[in-house]
Protein chains: 2
Amino acid sequence: MDARPIGVFDSGLGGLTALRELARLMPEEDLIYFGDTGRVPYGGRSKDILVKYARQDVAFLRTFDPKAIVIACGTVSTTALDVLQAENDIPIFGVVESAAHAAVQITQNGRVGLIGTRASIRSGAYERALNALRPGTDVTARACPLLVPLVENGRFQPGDIVAETVVCEYLAPIKAAGVDTLILGCTHYPLMKPIFGACMGPGVTLVDVGEQCARWVKKQLEWNGLRNERPGAGRHRYYVSDSTEDFSALASVFLGEDVAGEVEQIDITAY
Amino acid sequence: MDARPIGVFDSGLGGLTALRELARLMPEEDLIYFGDTGRVPYGGRSKDILVKYARQDVAFLRTFDPKAIVIACGTVSTTALDVLQAENDIPIFGVVESAAHAAVQITQNGRVGLIGTRASIRSGAYERALNALRPGTDVTARACPLLVPLVENGRFQPGDIVAETVVCEYLAPIKAAGVDTLILGCTHYPLMKPIFGACMGPGVTLVDVGEQCARWVKKQLEWNGLRNERPGAGRHRYYVSDSTEDFSALASVFLGEDVAGEVEQIDITAY
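Just so we're clear, the structure is a prediction, and the values are computed from it rather than from any experiment.

Student: So, the overall build of chain A: which residues are in play, and what are the values?
Tutor: Looking only at helices and strands, chain A has twelve helices and ten strands in total. In terms of overall dimensions, chain A has a C-alpha envelope of 45 × 40 × 40 Å along the principal axes. Here chain A holds 271 residues, and the buried ones make up 52% of them. Taking the intrachain contacts of chain A between residues at least 6 apart in sequence as the baseline, contacts between residues at least 24 apart amount to 77%.

Student: Any chance you could break down the sheet that holds strand β7 (residues 181–184) of chain B for me, citing the residues and the numbers?
Tutor: Residues and elements named next belong to chain B. In spatial order, the strands read β6-β5-β7-β8; together these four strands make up an open sheet with parallel pairing. With one partner strand each, in any of the chains shown, β6 (138–143) and β8 (205–208) form the two edges of the open sheet. Taking the axes of each pair of neighbouring strands and ignoring which way they run, one obtains an average angle of 20° across the sheet. For β7 and β8, the ladder comprises four bridges, and the chain directions are parallel. Within the sheet, the bridge partner assigned to I183 lies in β8 and is V207. Helix α5 (residues 96–106) rests against β5 (111–116), β7 and β8 of the sheet, and its axis sits at about 165° to β8.

Student: Give a detailed account of the interface of chain A and chain B, specifying residues and quantitative values.
Tutor: Taken together, the contacts link 18 residues of chain A with 18 residues of chain B. Secondary structure elements with two or more residues in the side of chain A that touches chain B: α2 (47–62) and α9 (161–176) of chain A. Per-element accounting of the side of chain A that touches chain B gives the leading share, four residues, to α9 of chain A. A breakdown of the residues in the side of chain A that touches chain B according to their chemical character gives seven nonpolar, six polar and five charged.

Student: Quick rundown of the relation of the copies chain A and chain B? Include the residues and the values.
Tutor: The two copies are related by a screw operation: chain A maps onto chain B through 180° of rotation and 0.0 Å of translation along the axis, at an RMSD of 0.0 Å. Expressed as an axis order, the relation between the two copies is that of a two-fold axis. Counting the interface residues of chain A, we find that 100% of their copies in chain B are interface residues as well, pointing to one common contact surface.

Student: For helix α7 (residues 125–133) of chain A, give the residues involved together with the corresponding values.
Tutor: Residues and elements named next belong to chain A. For α7, every residue scored as buried is listed here: A125, Y126, A129 and L130. Down the axis of α7, the sector holding all buried residues measures 125°, keeping them to one side. Summarising the contacts, the buried residues of α7 are in contact with α3 (74–79), α5 (96–106), β5 (111–116), α6 (118–123), β6 (138–143) and β7 (181–184).

Student: Account for the packing of helix α1 (residues 16–25) of chain A against helix α12 (residues 247–255) of chain A, with residues named and values stated.
Tutor: Residues and elements named next belong to chain A. Contact geometry for α1 and α12: axes closest at 8 Å, N-to-C directions at 60°. The orientation of α1 relative to α12 falls into the category oblique. Where α1 crosses over α12, the two elements pack in a sense that is right-handed. Touching L16, T17 and R20 of α1 are A251, F254 and L255, all from α12. In the contact of α1 with α12, the residues fall into four nonpolar, one polar and one charged.

Quick notes on the rules
- Residues numbered from 1 in each chain as written.
- Chains lettered and ligands numbered in written order.
- Predicted model: local features only at pLDDT ≥ 70, side-chain atom pairs only at ≥ 80, totals over all residues.
- Helix = DSSP H or I, 4+ residues; strand = E, 2+ residues; numbered from the N terminus.
- Buried ≥ 20, exposed ≤ 12 C-beta atoms within 10 Å, placed from the backbone.
- Contact = placed C-beta atoms within 7 Å.
- Pairing = 2+ DSSP bridges.
- Axes fitted to C-alpha atoms, helices over the stretch in contact; angles between N-to-C directions.
- Nonpolar A, V, L, I, M, F, W, Y, C, P; charged D, E, K, R; others polar.
- Least-squares fit on C-alpha atoms with pLDDT ≥ 70 in both.
- Arc of directions from axis to C-beta.
- Parallel < 35°, antiparallel > 145°, perpendicular 65-115°, else oblique.
- Left-handed = near helix turned anticlockwise from the far one by under 90°.

As structure tokens, then:
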């Protein structure tokens, strides 16, 4: 039994898709979300800058004395997880390991597709995790730098010719490789699931990394006696590094419901 | 006669289109370019964050004792010029005033179109400048948040269905308003000139804000006796806030030639 909150962070608001799943699976837990909206997006930045930003994000969340921190960001999970785990004495969860576990359980033919930001794909983190769990897994990976801007501009609905054209271009080599499983390696991507599904066809299972991560975190907290068993709904607090003005409208797109909770702007460079 | 360098900055590399024009018009001047690649893009950020970032950009450039600073960024020019001018005792040039002068000279029917980032359009800066010079100018403005990501991902060539579709969607209300002049209010946009031209048709003149700004700066320096009259080619130095690794390849796209000069990474948050 541990009533301390769970910290969750992302470069921006995409991580809210993971927060939504955490809240659904563990409604009684207090959740603190930080979105680095003053420095979003992370996906095209270098490893050094990403590590610097991620350290500040964790340092901010640690001011709330969390029992665990969830990196609800594919880019940071693939690029800075080791550093963050080595520097912190509380559990730090990324999205890679849980997604790799799900993918090796799903795949029948051993061919797995992977899409993510430039930094995520460059890291090779998913390939390493998949091959550690199932040696010889054939991974076809593709960086998709335009998907985050498209999603953040509301262009993820089936029928949007721009979104569909870009997605089909990115997925063409993955489809050609005959994968039966596709890892959506960025927390922005779940909003595009209908387009990914239509493009890949019914024989391919999509793995939502935020959803898998939330299940993983729940199990880990349970196994380690860290769940909050107090009855009642947990408190959700949101922090961003740019103005809170646009937060609620965009956040509701990612959460799939109105944002109920406090939203506050902080200076992330002070951490 | 003043041999000190000219400082130039942008959120990222789009400002190099203005630097290119400055170098073409004033080959003997030393130019120092700073691209805030660790925090790019600026266009969707709030005014407070933009002012904070712009102050740091100027503080960094001032360490070189420049005779003038050029804001080669539509977003900062529209949002933070007044603050920067009030706080600095050297000339600070933005892209708005020179573009407005060009547009009112070009337009015959008094209908001017304007495209830019969200922050640029929200500021209303171009409308104020145009109406101060030519009262009653009818401005049709449109924020185009996807154009910077498209250009930065190399999608600006005619025939690119995604770039053409997005541009035509954005320009439709501007075209419908019957403008004869279109201000390209962001230094990333010159690379898309052929697509803008094809979409708007031959009766519409495109105003490149970086090009107009470079001409304006040259005149202002001449009128104030601030030109460098030393013969020979000026020295060009480049600084970025993220890794220099990807700089040269992307920079050559914006400069239209190979980057000749030093490139160095700095920590912009230290300024």
